[in-house]
There are 2 protein chains.
Amino acid sequence: MTPVYDRVALIGLGLIASSMFHAIRRAGLADEVTGYTRTQATRDTARRIGLCDRVCDSAAEAVAGADLVVLCVPVGAMGAVAAEIAPHLAPGATLSDVGSVKRAVIDAVGPHVPGGVHFVPAHPLAGTEHSGPESGFAELFDNRWCLLVPPPGTAPEPVARLRAFWEALGSHVETMEPDHHDLVLAVTSHAPHLIAYTMVGVADDLGRVTDSEVIKYSAAGFRDFTRIAASDPTMWRDVFLTNKDATLEILGRFTEELFALQRAIRTGDGDHLFDYFTRTREIRRGIIEAGQDTDAPDFGRASAQRGPEPDPAGRGDG
Amino acid sequence: MTPVYDRVALIGLGLIASSMFHAIRRAGLADEVTGYTRTQATRDTARRIGLCDRVCDSAAEAVAGADLVVLCVPVGAMGAVAAEIAPHLAPGATLSDVGSVKRAVIDAVGPHVPGGVHFVPAHPLAGTEHSGPESGFAELFDNRWCLLVPPPGTAPEPVARLRAFWEALGSHVETMEPDHHDLVLAVTSHAPHLIAYTMVGVADDLGRVTDSEVIKYSAAGFRDFTRIAASDPTMWRDVFLTNKDATLEILGRFTEELFALQRAIRTGDGDHLFDYFTRTREIRRGIIEAGQDTDAPDFGRASAQRGPEPDPAGRGDG
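Residues numbered from 1 in each chain as written. Chains lettered and ligands numbered in written order. Predicted model: local features only at pLDDT ≥ 70, side-chain atom pairs only at ≥ 80, totals over all residues.

A.B. asks: I keep staring at the relation of the copies chain B and chain A and nothing clicks. Help me out?
C.D. replies: These two copies of the chain differ by a rotation about an axis and a displacement along the same axis. Superposing chain B onto chain A requires a rotation of 180 degrees together with a translation of 0.0 Å along the rotation axis, leaving an RMSD of 0.0 Å. Classification of the inter-copy transformation places it as that of a two-fold axis. Interface overlap between copies is the fraction of interface residues in one copy that are interface residues in the other; for chain B against chain A it reaches 100%, indicating a shared surface. (Least-squares fit on C-alpha atoms with pLDDT ≥ 70 in both. Contact = placed C-beta atoms within 7 Å.)

A.B. asks: Would you mind showing me how to read unusual backbone geometry here?
C.D. replies: Trans peptide bonds make up the majority, and among non-glycine residues the majority have a negative phi. Residues and elements named next belong to chain A. Notably, C52 is not glycine yet its phi reads approximately 75 degrees, a positive angle. Mapped onto the elements of the fold, C52 is located in the loop between α2 (40-49) and β3 (54-55). In this structure C52 comes out as buried when scored by C-beta crowding, with 28 C-beta atoms within 10 Å. For N143, which is not glycine, the phi dihedral falls at a positive 60 degrees. (Helix = DSSP H or I, 4+ residues; strand = E, 2+ residues; numbered from the N terminus. Buried ≥ 20, exposed ≤ 12 C-beta atoms within 10 Å, placed from the backbone.)

A.B. asks: What is the right way to look at the pairing of strand β4 (residues 68-71) of chain A in this model?
C.D. replies: Consecutive side chains of a regular strand alternate in pointing toward one face of the sheet and then the other. All names here are of chain A. Here β4 shows two buried faces, one formed by L68 and V70 and the other by V69 and L71. As defined by bridge partners, strand β1 (residues 7-11) adjoins β4 across four bridges and the pair is classed as parallel. Its bridge partner being in β4, A9 is matched across the sheet by V69. As paired strands, β4 and strand β5 (residues 94-97) are joined by four bridges and run parallel to one another. Residue pairing for β5: V69 is matched across the bridge by L95. Viewed along the sheet, the connection from β4 through helix α4 (residues 78-85) into β5 turns out right-handed. (Pairing = 2+ DSSP bridges. Right-handed = clockwise from strand over helix to strand, strands pointing away.)

A.B. asks: Mind showing me how you'd approach the sheet that holds β1 of chain A here?
C.D. replies: Hydrogen bonding along the main chain pairs the strands of a sheet, whether they run parallel or antiparallel. Read across the sheet, six strands follow the order β3-β2-β1-β4-β5-β6 (chain A) without closing on themselves; strand pairing throughout is parallel. The sheet is open, and its two edges are formed by β3 and β6 (118-119) of chain A, each paired on a single side.

A.B. asks: What exactly am I supposed to notice about the pairing of strand β2 (residues 32-36) of chain A here?
C.D. replies: All names here are of chain A. For β2, the buried fraction is high: four of the five residues fall into the buried class. When β1 meets β2, the two strands line up parallel, connected through five bridges. Residue V8 lies in a different strand from β2, and its bridge partner there is V33. Examined bridge by bridge, β2 and β3 share two bridges and lie parallel to one another. Looking at the pairing, T34 lines up with R54 of β3. Note on the crossover from β2 through α2 to β3: the handedness is right-handed.

A.B. asks: Whenever I open this one, the interface of chain B and chain A confuses me. Can you help?
C.D. replies: Interfaces are frequently sized by the accessible area removed from exposure as the parts join. If you look at the interface, chain B gives 102 residues, while chain A gives 102 residues. The dominant element in the side of chain B that touches chain A, judged by the number of residues it contributes, is helix α7 (residues 178-205) of chain B, at 19 residues. Broken down by class, the residue content of the side of chain B that touches chain A amounts to 49 nonpolar, 29 polar and 24 charged. (Nonpolar A, V, L, I, M, F, W, Y, C, P; charged D, E, K, R; others polar.)

A.B. asks: Sorry, what's going on with the packing of helix α12 (residues 270-289) of chain A against helix α10 (residues 233-242) of chain B here?
C.D. replies: Working note: a packed helix pair is described by the angle between its axes plus the distance between those axes. Here α12 of chain A crosses α10 of chain B at 140 degrees, and the two axes come no closer than 9 Å. In terms of axis orientation, α12 of chain A runs oblique to α10 of chain B. In this structure, α12 of chain A meets α10 of chain B at a crossing whose hand is right-handed. Judged by residue contacts, G270, L273, F274, F277, T278 and R281 of chain A of α12 of chain A engage P233, T234, W236, R237, F240 and L241 of chain B from α10 of chain B. Along the lines of polarity and charge, the residues of the contact of α12 of chain A with α10 of chain B split into seven nonpolar, three polar and two charged. (Axes fitted to C-alpha atoms, helices over the stretch in contact; angles between N-to-C directions. Parallel < 35°, antiparallel > 145°, perpendicular 65-115°, else oblique. Left-handed = near helix turned anticlockwise from the far one by under 90°.)

A.B. asks: What exactly am I supposed to notice about helix α7 (residues 178-205) of chain A here?
C.D. replies: Owing to its 3.6 residues per turn, the α-helix aligns residues three or four sequence positions apart on the same side. Residue and element names in this part refer to chain A. Given a rise of 1.5 Å per residue, 28 residues ought to cover 40 Å, and the 37 Å separating the end C-alpha atoms of α7 matches this to within 8%. At A186, α7 shows its largest kink, close to 55 degrees. In terms of burial, α7 is largely enclosed, as 25 of its 28 residues are buried. (Expected span 1.5 Å × (residues − 1). Bend = angle between axes of the 7 residues up to and from the residue.)

A.B. asks: Whenever I open this one, the sheet that holds strand β9 (residues 172-175) of chain A confuses me. Can you help?
C.D. replies: Residues and elements named next belong to chain A. An order of β7-β8-β9 is seen for the three strands of this open sheet, with the pairing classed as mixed. The strands lining the two open edges of the sheet, one partner per strand, are β7 (122-124) and β9. Pairs of neighbouring strands in the sheet enclose a mean axial angle of 20 degrees, with direction left out of account. Contacts between helix α6 (residues 156-168) and the sheet are confined to β7, β8 (145-148) and β9, with β8 contributing the most and set at about 165 degrees to the helix.

A.B. asks: Explain the confidence of the model for chain A here, please?
C.D. replies: For residues with low pLDDT, the predicted coordinates do not support detailed interpretation. Residue and element names in this part refer to chain A. Per-residue confidence for chain A gives a mean pLDDT of 89, with 91% of residues at or over 70. Counted against residues more than four places away or in other chains, residues 303-318, with its pLDDT under 50, gives 36 contacts. Under the prediction, the complex receives an ipTM of 0.87, its pTM being 0.86. (pLDDT = per-residue confidence, 0-100.)

Right under this line is the structure:
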């Protein structure tokens, strides 16, 4: 496959950037991938595990000569990083990012983009509860969506090129308008994450004795919440602070519905509960049919345990 | 392995009962397993797929001569089923159940238990989002907890025998007091399920266009909620109606915390969010260390897709 970019620079070396590096190598996409991250210890780790062809000690050095620069830092850090690298971006380069919020990134990064540089924000809908440079793997983006959110007036060629790049990493690509992106993600990701964080925090508040039982008996449903609530704290703090309005709107609707269901429980309105639960079951069906999740019971956890690298403790799905 | 019971009767033939049958057969545990369920079509299905050695057309016929009778019906139906079978239970038999709520089952079933019959309620903490007689599999209880909740005064021998039975089906067994059981399960299972149902319902309310996008982009977190919210509506209606007080108490604490986090988002209090999310991440660590879940990213969904029975659609993790 011909490289769609000769030189790619990854700024920030967490789960997404490290997965991008492995996926770029798998696809044979670029002659050189440079990397930079703020913390010395993380740069040392990256060098030790061979992450990126060259790990640089400054962002300026990493982006010099790159024809694609991807900001892979928390949304709240995007503006400062953009300001730092702007003078060093090559003319004709494409500047992109992987942030989970798009309006805030456009507002923070846009003003720093020099003339002659193409700014094409992006959001790969992919991730796991793990983070850091050692958590990446080449398959992370396979068959996952990547949303491109070019600001009005962006030239079509850099958008098409970035699309080809993400497709080569394994993704399906769509373009979307920034505010619509932020609303859809508030529903599919941001509100669910806050709710999971909340439920896990409540369980933790119930004190040590109950708490150990909560962990012991977590397989009854709670553990699904803990996986979501184990996601990177800095990233998620920034998501909520920068997608405030849409998240609060969805949470407001959520609270309304929750109160209605609590009232149905209190008054013993079984029909209301039954009808509600029947409706939600249909939505799961839609997700399976759309190919967005496995239909294997419990996400196929059991076969994950039986896979080529079994859990030596052997407790697995316990 | 010697059978711990000669004749087992399963009343209700859904996910749990059908998994029990397969696990009993795997372990070579009983000479005969009889089954009964209220719906003719379900009895026909059970006969067609060879579920149970003998499917009976009445509950009375199924329990006649059984030394273990297990009620596998929704919690709200336990009392009526117990009244129906009581006159037909063999002296010395053990009567048990698999309900997710224990105080309500004890109150509903207890008064019907004839003298000479041992009543030992139980709750296997196992299940998937699938239901019905064709959803069962022998491995469902492997390394999962089964909680026995014998009322005060229950003889020790029938409890020990039921413990040996569940251990032979693959479970780890503990005994617990009924009200404590219902509180722990409200935290680990009942409140999380109601919250997941609520979030999925909210997404559905957002209208058709957004709705299809919600499904399309559900891999960002939402799909984990939809799995939980795809569980059996009748079973869950009964759980909430019969574990009302504990569920409402936990939901009250949940709402308090959610409002505090919403306020932190609104006022831009990033430290509060960061500290909260760091704390919840630790709990996930505890669950992995306790062997209660896989540490594989995304529950090992990807390897589930790559397993011996790959999804022919090939989209898998979306």
